[in-house]
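Structure at a glance
Each chain, written out:
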Amino acid sequence: MGYIKDSSFYQDAIQELRYSCGMYYLFDTFVVSEINEGVVYTWDEHAQPIVKELSELYDHNGENLVLISNRVHSYSVKPSDWIKFFKSDYKLRGYAIVSYNPKGLITSLLEKLFMRNSFKSFDNLEDAIAWAKSLTQTPDITSKNDKSA
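The shown structure was predicted, so the numbers you read here are calculated from the model rather than taken from an experiment. (Residues numbered from 1 in each chain as written. Predicted model: local features only at pLDDT ≥ 70, side-chain atom pairs only at ≥ 80, totals over all residues. Heavy atoms only, no water.)

Description of the nonpolar core
One finds Cys21, Tyr24, Tyr41 and Phe85 to be the most contacted residues of the largest nonpolar core, which totals 26 residues. Within the residue set of this core, elements represented by two or more residues are β1 (15-19), β2 (22-26), β3 (30-35), α1 (43-58), α2 (81-87) and β7 (94-99). Here this core takes 6 residues from α1, the largest share from any one element. The residues contacting Tyr24, other than those within four sequence positions of it, are Gln15, Glu16, Leu17, Tyr19, Val31, Val32, Ser33, Ile35, Tyr41 and Ile50. Counting 17 residues, the second largest nonpolar core, distinct from the first, contains Phe9, Ala96, Leu125 and Ala128. (Core = buried A, V, L, I, M, F, W, Y, C linked by side-chain atoms within 4.5 Å. Buried < 20%, exposed > 50% of the residue type's maximum accessible area, 1.4 Å probe, protein only. Helix = DSSP H or I, 4+ residues; strand = E, 2+ residues; numbered from the N terminus. Contact = heavy atoms within 4.5 Å.)

Below, the structure is given as structure tokens:
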């Protein structure tokens, strides 16, 4: 299992947010969540207030962010609440699930049914972060369009 705090990526976190449901680690272009053991994660109780705060902190609706759900603990997600997420104004560039056991990988397949953006499941945090970075890297078009005489 790979906790973000035990990884080399932790030093690049720009902020940590502690909620009753778990921890969120904020990076420039992605967020890593680690939800507490036994939580039943819902839109109304958990996701909606977190989305609101992330929108304010990142000053946009998430369209340039990737969320990585680092499943280091066993918890449940109410899959139908993804519909409430999509009805909100918050968007994601991508969503990744890191599962450390076969049951978690099967659960991620169910969640994938509700996703409308880039989705991928992983068995380690390193690959998920590399994927998140690849989704959010954009070429520097200003230098290409700068035609100084």
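Focus: the packing of aromatic side chains
Working definition: an aromatic ring pair is given by the centre-to-centre distance plus the angle between the planes. In total, this model carries 5 aromatic pairs according to the counting rule given. Aromatic side chains Tyr19 and Tyr24 sit 5.5 Å apart centroid to centroid with 90° between the ring planes, which places their arrangement in the edge-to-face category. You can call Tyr24 buried: its relative accessible area is 4%. Consider the rings of Tyr95 and Phe119, whose centres lie 5.8 Å apart with planes at 40°: the pair is tilted. Here Tyr95 is found in strand β7, whereas its partner Phe119 is found in strand β8 (residues 118-122), with 24 residues between them in sequence. (Phe/Tyr/Trp six-rings, centres within 6.5 Å; stacked < 30°, edge-to-face > 60°.)

Focus on α1
Along an α-helix, a turn takes 3.6 residues, which lines up residues three or four apart on a common side. Taking 1.5 Å of rise per residue, 16 residues should cover 22 Å, yet α1 covers just 20 Å from first to last C-alpha, more than 12% shy of that figure. Within α1 the residues assigned to the buried category are Trp43, His46, Ala47, Ile50, Val51, Leu54 and Tyr58. The buried residues of α1 occupy an angular sector of 115° when projected down its axis, which confines them to one face. Projecting away from the buried face of α1 at angles above 90 degrees are the exposed residues Glu45, Lys52 and Glu56. Residues of α1 that are buried make contact with β1, β2, β3, β4 (40-41) and α2. For α1, the side-chain oxygen to backbone nitrogen distance between the N-cap and Glu45 is 3.2 Å, and the N-cap itself is Thr42. Positive phi shows up at Asp59, right after α1, with a value of about 60°. (Expected span 1.5 Å × (residues − 1). Arc of directions from axis to C-beta. Polar contact = N/O pair within 3.5 Å; in protein donor to acceptor, adjacent residues only side chain to side chain.)

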